[in-house]
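Structure at a glance
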Amino acid sequence: MTDQATTTFADVSRVEEVAPGRFTAAAHPEWTIGGKPNGGYLLAMLGRAATSSASHRDVLAASAHYLRAPEPGPVELGVEVLRTGRSASQVRARLTQNDTSCVEAMFTLGALDAESKPYWSEGMPEPEGREYADCVPVTGPAGGGPGPVIMDQVDLRIQPEDLGFGRGAPSGAGVLRGWLGLPGGADFDPLSLLYAVDAFPPATLDIALTGWVPTLELTAYVRALPAPGPVRVLHKAQLIEGNRVDEVCLVWDSRGRLVAQATQLAGIRLDPPA
């Protein structure tokens, strides 16, 4: 990370309420990939506006459709509280730029209990892979060429076995495993977890080297309040067909507790098989 990482995630995802249900914000130019703001970063910004408008303060679930990528700079956010219940609220949020819709999202908000424990978790894999210190930092130029500037803002590490794409030799498994830390070593919260589930490079890099893999739709669940420290990430591609790929992401905190999970549908262009 660069010295600029002392700017916190809360700083770069800050929103300002200008009227009931209306917010302004600035998409930071250094939280971009190919000059376009990261989708999870934008979702966290929308989540901040949603939680500022409802009585429940924790994001439990979020589903976003990405209509077009905004440019870095001023954006507007509109929030509509659809329902407020005792245990959950449903909120609709929209991010626009120059009166053009860019991201449409739905949130379910509630309250996460720091002391809660899973009743049953056999349907989920156990966290696996190398420990934080044994993974390779992915910052600045990655894979022999200029990397996305967002990689200089966070501490993103991938285990060496999954870095074959950087040598032009992807394994074909479609899996990236490693760790993620926020600027300045800040602890994660439910909003920054919405970024974490979209922070890793496309898992398709472990299948074939491609260009931009734009997110079309992303659904995320926040399952628990994370313990302090970086989070362990498993990012996996499941099916590529019709120039689209679905990827799953699982995020565990430093104690090994699953704290977030996501599925996304993204566009992809691959050369036809020879």
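Only a predicted model underlies this, so the values are computations on that prediction, with no experimental measurement involved.

**Considering the overall build of the chain**
The number of helices and strands found in the chain is three helices and 15 strands. Compactness check: the chain gives a C-alpha radius of gyration of 18 Å against a globular reference of 19 Å for 274 residues, within 12% of the reference. In terms of principal-axis extent, the alpha carbons of the chain reach across some 55 × 45 × 40 Å. The burial tally for the chain puts 49% of its 274 residues in the buried class. Only carbon and sulfur atoms are counted for the fraction: they give 51% of the accessible area of the chain, which is about 13,000 Å². Here the chain holds 22 positive side-chain charges and 32 negative ones, and the gap between their average locations is 5 Å.

**Digging into helix α2 (residues 39–53)**
Its 15 residues give α2 an end-to-end C-alpha distance of 21 Å, which sits within 8% of 21 Å, the value for a rise of 1.5 Å per residue. Taking burial as the measure, the 15 residues of α2 include 13 buried ones, the bulk of the element.

**Some details on the pairing of strand β15 (residues 258–267)**
With eight of its 10 residues buried, β15 lies for the most part within the structure. Across seven bridges, strand β12 (residues 215–222) lies against β15 in antiparallel orientation. Paired with Leu218 across the two strands is Gln264, which belongs to β15. Pairing geometry for strand β14 (residues 244–252) and β15, over nine bridges, is antiparallel. Within β15, the position partnered with Val251 by the bridge is Ala260. From the end of β14 to the start of β15, which pair antiparallel, there are five residues, and Gly256 there has a positive phi angle of about 85°.

**Remarks on the pattern of salt bridges**
Enumeration according to the criterion identifies 10 salt bridges in this entry. Of the charged contacts, one joins Arg130 and Glu161 as a salt bridge, the two residues approaching to 2.8 Å between their closest N and O atoms. Note that Arg130 is positioned in the loop between β8 (100–110) and β9 (136–137) and Glu161 in the loop between β10 (155–158) and β11 (175–181), a separation of 31 residues in sequence. For Arg130, a relative accessible area of 35% corresponds to the partly exposed category.

**A word on the packing of aromatic side chains**
This structure, assessed with the given rule, holds six aromatic pairs. An angle of 90° between the planes, with centres 6.2 Å apart, marks the rings of Tyr132 and Trp179 as edge-to-face. Here the residue Tyr132 occupies a position in the loop between β8 and β9, and Trp179 occupies one in strand β11, the gap between them amounting to 47 residues. Judged by relative accessible area, Trp179 falls into the buried class, the value being 6%. Here a set of aromatic residues connected by ring pairs shows up, and it is made of Phe9, Trp31, Tyr41 and Tyr195.

Reading the values: rules and limits
Residues numbered from 1 in each chain as written. Predicted model: local features only at pLDDT ≥ 70, side-chain atom pairs only at ≥ 80, totals over all residues. Heavy atoms only, no water. Helix = DSSP H or I, 4+ residues; strand = E, 2+ residues; numbered from the N terminus. Rg over C-alpha atoms; globule rule 2.2 N^0.38 Å. Buried < 20%, exposed > 50% of the residue type's maximum accessible area, 1.4 Å probe, protein only. Areas by Shrake-Rupley, 256 points an atom, 1.4 Å probe, with all protein chains shown as cover. Lys, Arg positive; Asp, Glu negative; His and termini not counted. Charge placed at Lys NZ, Arg CZ, Asp CG, Glu CD. Expected span 1.5 Å × (residues − 1). Pairing = 2+ DSSP bridges. Salt bridge = Lys/Arg side-chain N within 4 Å of Asp/Glu carboxyl O. Phe/Tyr/Trp six-rings, centres within 6.5 Å; stacked < 30°, edge-to-face > 60°.

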